[in-house]
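So the chains spell out like this:
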Amino acid sequence: MPPIIPACVCAHTMLKVCAHTRIIGVHPSTSEGTLMSSSATPATTPKVVLITGTSSGIGLAAAVAAAGAGWRTVATLRDPGRADALRKAAAEAGVELDIRQLDVVDEASVTAAVEGVIADHGRLDAVINNAGAGQLGTLENQTVADVRRVMEVNFFGVLNVSKAAFPHLRATGGRLITVTSVGGVVGQPFNEAYCAAKFAVEGYMESLAPVAASVGVSVSVVEPGAVATEFVNNVGLDLEAEIAAAGPYAPALDAYVNRTVARFLTGAQTQDEAAVAVLEALTADRPAFRLQTSDWARDFTGMKLNDLDGSAVLGTTGGWVA
C-alpha cells in the first residue's frame, strides 16, 4: 500500500483514516457538561468556531490565531493524546482553547462533537475544515482502495463535518471555511489521489457557495502552497526505498522528490503565515470565496485559471519529473 504523505505543495494536519475564551480542556466527542465563561453574558459571549485537524500545522496556527482574535475556539483532533503542541502554542500565545476529539471520517464522532459544541456553547458561528491527508503514488503503483482512503479523509470528511454543522451555521449566518490546497486547482505529479480529492472539495464548495449565500452562510476555500509543518517533517518515509520500488517511474519520482524537498527547504511558508489567510476568511466583512496564502500560491493557481488549453500547467509540472 503506498504511503500517505504530504502533497508536494500543501501541508496541514495528517489524519491516517485519517475575546480570549475562558475554556480549556480535552473533551471526548460527546459533551460532558458545560464549560462557559464565568464572565460571559448574552451581550458579550464571543462567536464560536470549530476547527478540525489542529494537532499541528495550519490547523494549530489557525486555532491559536482565532482565539487571539476573540473567537471561542473549539480545536478538534482525531487523537487528543496528540494535543501537547497545541496546548503549548496556546499557552505561549496567552489564549485558551476548548480541545475536543473529532474524527472526520466517523460520522458518529462528527455528530457528537457538533452536538457537544451546541450543548456547551449554545451556538456555532464558523467551521474551518482543515484535517486532511496526502499520498505519494501514481496510477499503476497504488490501488483503488488507496485512492478511496484519501478521498474519504479529504473529501467525504469535509462533507461529514460541513453537513453536521450547516443547520447551526444557518442559524447564526455563519461561515464555512475549508483549507484545500493549490493542489485543488493545479494537478501535480505523483499526487493524483490527493489532487483529485482537493479538486472535488473545490468544485463542491464553489457549487455550494451561492446556495449557502441564499440562506446567509458564507463559503470560502483557502489554498496554501508549500508550508513547513510536521506534516512534511515527520512523514517517516524512506524516500530512497520508495524510489527503488517505483519501477519504470523511478527516474520521474526521483526528480519530483528532489524538486519538492528543495521547494520545502527554501521556499515554504511558516504555518503562522499561512494561517493569516484562514483568519481573513474568518473575520473579513465580506471574505472572498477563494484565498491563497502567499504570492507564490496566487501566481501558481493564477496560471491554471488563465490556462485555457492546459499547456501552461503541463509545461510547468512536466519539468518537475524531467
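For clarity, every value in this text was computed on a predicted model and none was experimentally measured.

Caption draft 1: Layout of the overall build of the protein. In terms of regular secondary structure, the protein is built from eleven helices and ten strands. Across the 322 residues that make up the protein, the buried fraction comes to 55%. When the accessible surface of the protein is split by element, carbon and sulfur atoms take 55% of a total near 13200 Å².

Caption draft 2: Inspection of helix α9 (residues 271-283) at higher detail. Between its first and last C-alpha atoms α9 spans 18 Å; for 13 residues at 1.5 Å apiece the expected length is 18 Å, and the two agree. For α9, every residue scored as buried is listed here: Ala274, Ala275, Ala277, Val278, Ala281 and Leu282.

Caption draft 3: Region of interest: the packing of helix α1 (residues 57-68) against helix α2 (residues 84-93). Look at α1 against α2: their axes get within 10 Å of each other, and the N-to-C directions meet at 35°. The hand of the α1/α2 crossing is right-handed. Contact residues: Leu60, Ala63 and Val64 in α1; Ala85, Leu86, Ala89, Ala90 and Ala93 in α2.

Caption draft 4: Here's a closer look at the layout of surface pockets. One number sums up the size of the second largest pocket: a volume of about 220 Å³. In terms of lining, the second largest pocket is formed by Glu107, Val110, Thr111, Leu159, Asn160, Ser162, Lys163, Ala164, Phe166, Tyr204 and Leu208. Of all the elements in the fold, those that place two or more residues in the lining of the second largest pocket are α3 (107-121), α4 (144-172) and α5 (192-213). Broken down by class, the residue content of the lining of the second largest pocket amounts to six nonpolar, three polar and two charged.

Caption draft 5: Looking closely at the nonpolar core. In terms of nonpolar packing, the biggest core is built from 35 residues, with Leu50, Leu124, Val127, Leu176, Met205 and Val219 touching the most fellow members. At the level of secondary structure, the elements contributing two or more residues to this core comprise β2 (48-51), α3, α4, α5 and β7 (218-223). With near-sequence residues (within four places) excluded, Leu124 lies in contact with Val48, Val49, Leu50, Val117, Ile118, Ala165, His168, Leu169 and Thr172. Ala67, Leu77, Ile99 and Leu291 belong to the second-largest nonpolar core, a separate cluster that totals 33 residues.

Caption draft 6: Quick look at the environment of Val227. Checked against the element boundaries, Val227 lands in strand β8 (residues 227-228). In this structure, the C-alpha to C-alpha distance between Val227 and Thr270, residues 43 residues apart in sequence, is 5.7 Å.

Caption draft 7: How the structure looks around the packing of aromatic side chains. Considering all chains together, one arrives at five aromatic pairs under this definition. Arranged with centres 5.8 Å apart and planes meeting at 40°, the rings of Phe190 and Tyr256 form a pair that is tilted. You can see Phe190 sitting in the loop between β6 (175-179) and α5 and its partner Tyr256 sitting in helix α8 (residues 250-267), a full 66 residues away along the chain. Between the aromatic rings of Trp296 and Phe300, the centroid separation amounts to 4.7 Å while the plane-to-plane angle is 15°, which identifies the pairing as stacked. With Trp296 and Phe300 both in helix α10 (residues 295-305), this residue pair falls four residues apart, about one helical turn. Look at Phe300 and you get buried, because its relative accessible area is 6%. Among the aromatic residues, those joined into a ring-pair cluster are Phe155, Phe156 and Tyr204. Against the face of Trp320 rests Arg259, its NZ or CZ located 3.7 Å from the ring centre.

Caption draft 8: Summary view of the packing of α4 against α5. Where α4 meets α5, the closest approach of the two axes is 7 Å, and the angle between their N-to-C directions is 20°. Considered as vectors, α4 and α5 are oriented roughly parallel to each other. The interaxial crossing formed by α4 with α5 has right-handed handedness. Between α4 and α5, the residues in contact are Val147, Val150, Met151, Asn154, Phe155, Val158, Leu159, Ser162 and Phe166 and Ala193, Tyr194, Ala196, Ala197, Lys198, Ala200, Val201, Tyr204, Met205, Leu208 and Ala212, respectively. Partitioned by chemical class, the residues of the contact of α4 with α5 number 17 nonpolar, two polar and one charged.

Reading guide: rules and limits
Numbers given to residues run from 1 along each chain, matching the order in which its sequence is written. A pLDDT threshold of at least 70 governs which residues receive local features in this predicted model, and a stricter bar of 80 or more applies before side-chain atom pairs are shown or counted, although totals over entire chains, interfaces and linings include all residues. With hydrogens and water stripped out, all remaining heavy atoms of the structure feed into the side-chain values. Going along the chain from the N terminus, every DSSP run of H or I of four or more residues is numbered as a helix, and every run of E of two or more is numbered as a strand. Only protein chains enter the accessibility calculation, which uses a 1.4 Å probe. A residue is then buried if its area is under 20% of the maximum for its type, exposed if over 50%, and partly exposed in between. The Shrake-Rupley method, run with a 1.4 Å probe sphere, supplies the accessible areas, and residue values consider only the shown protein chains as cover. To estimate the expected span of a helix, count its residues, drop one, and scale the result by 1.5 Å. In this description, a line fitted to the C-alpha atoms serves as the axis of each element, helices being fitted only across the stretch in contact, and the angle between N-to-C directions of two axes falls anywhere from 0 to 180 degrees. Crossings are assigned a handedness: left-handed for a near helix turned anticlockwise from the far helix by less than a right angle, right-handed for a clockwise turn. In this analysis, two residues are considered to be in contact whenever any of their non-hydrogen atoms come within 4.5 Å of each other. For cavity detection a 1 Å grid was placed over the protein atoms alone, and a set of points counts as a cavity when a 1.4 Å probe fits there but cannot get out; an open set counts as a pocket when protein lies on both sides within 12 Å along at least five of seven lines, with lining residues being those that have an atom within 4 Å of a point. Grid points are joined across faces, edges and corners, and a volume is the space filled by probe spheres set on the points. Following the grouping adopted for this structure description, the nonpolar residues are Ala, Val, Leu, Ile, Met, Phe, Trp, Tyr, Cys and Pro, the charged ones are Asp, Glu, Lys and Arg, and the polar ones are all others, Gly among them. Take the buried residues of types Ala, Val, Leu, Ile, Met, Phe, Trp, Tyr and Cys, join any two whose side-chain atoms come within 4.5 Å, and each joined set is a nonpolar core. Only centres within 6.5 Å qualify two rings of Phe, Tyr or Trp (six-membered ring in Trp) as a pair; their planes then separate them into stacked at under 30 degrees, edge-to-face at over 60, and tilted for everything else. Placement of a charge over a ring requires the Lys NZ or Arg CZ to be within 6 Å of the ring centre, with the centre-to-atom vector within 35 degrees of the ring normal. For this classification, under 35 degrees means roughly parallel, over 145 means roughly antiparallel, 65 to 115 means roughly perpendicular, and everything else is oblique.

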